[in-house]
Amino acid sequence: EFFTSKNLYCDVIENNAILLLQPLSKLGMTSKEFEIELISWAIKNLSEKYDNVFIKQHPYSSITITDLPENCLIVSSSPFDLARHATIAFSFLSATLIELDYLGVKAVAIYHKNIKANYKAYNFFRFITDYNDPYYALEYRKNNEEIEDFYESEICTLNELNTQLR
């Protein structure tokens, strides 16, 4: 079931999370089976920790999500509209996390050693969590010069941002 931000109503946003999905298998970063495993793991862990989890599927994703926990909703709202309903967002390597971080939403990149990516890209995120961490702990990268340089770099286009992340 799809919801827009007009349908969302939450008195308290402090314990709500956003999960931004990406077409990892279509990008050649994982197999489709492993992408499903990653998504299932993220949904399970987030649903146990947060009151509500708003799942935003990428437009190019071909993964069908079924059997969601009661506190998880697939939404069609933009991530920026969703930011008004949550204080934390998770994704694997989404550039949108950087934009949400800039807007004040705690943005967390989910790391897994088997995602085929340039791991330098994780240096652009203030918060990282590891798929293999059973406690879903966050690593805070305080005083990371790469992050500060990135925000001061005057990147103006999505292509420039994607170049920096790859």
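Residues numbered from 1 in each chain as written. Predicted model: local features only at pLDDT ≥ 70, side-chain atom pairs only at ≥ 80, totals over all residues. Heavy atoms only, no water.

*Asks:* I'd like to hear about the overall build of the protein, residue by residue, with values.
*Replies:* Along the backbone of the protein there are five helices and eight strands. Seen in sequence order, the protein has helices and strands lined up from the N terminus as β-β-α-β-β-α-β-α-β-β-β-α-α. For the protein, long-range pairs separated by at least 24 residues make up 56% of all intrachain contacts whose partners lie at least 6 apart in sequence. In the form shown here, the protein has an accessible surface area of approximately 9300 Å², with 49% of it arising from carbon and sulfur atoms. (Helix = DSSP H or I, 4+ residues; strand = E, 2+ residues; numbered from the N terminus. Contact = heavy atoms within 4.5 Å. Areas by Shrake-Rupley, 256 points an atom, 1.4 Å probe, with all protein chains shown as cover.)

*Asks:* Run through the nonpolar core, naming residues and quoting values.
*Replies:* What tends to happen in soluble globular proteins is that the nonpolar side chains get buried as a cluster. Ranked by internal contacts, the top residues of the largest apolar core, which has 47 residues, are Leu19, Ile55, Ile65, Phe90 and Phe125. Mapped by element, the contributors of at least two residues to this core are strand 2 (16-20), helix 1 (32-49), strand 3 (52-56), strand 4 (72-75), strand 5 (88-91), helix 3 (95-102), strand 6 (106-111) and strand 7 (127-130). Here this core takes seven residues from helix 1, the largest share from any one element. (Core = buried A, V, L, I, M, F, W, Y, C linked by side-chain atoms within 4.5 Å. Buried < 20%, exposed > 50% of the residue type's maximum accessible area, 1.4 Å probe, protein only.)

*Asks:* If you had to explain the packing of aromatic side chains to someone new, which residues and values would you point to?
*Replies:* Applying the stated criterion across every chain yields a total of one aromatic pair. Directly above the aromatic system of phenylalanine 127 lies the positively charged group of lysine 106, at a separation of 4.8 Å from the ring centroid. (Phe/Tyr/Trp six-rings, centres within 6.5 Å; stacked < 30°, edge-to-face > 60°. Lys NZ or Arg CZ within 6 Å of the ring centre and 35° of its normal.)

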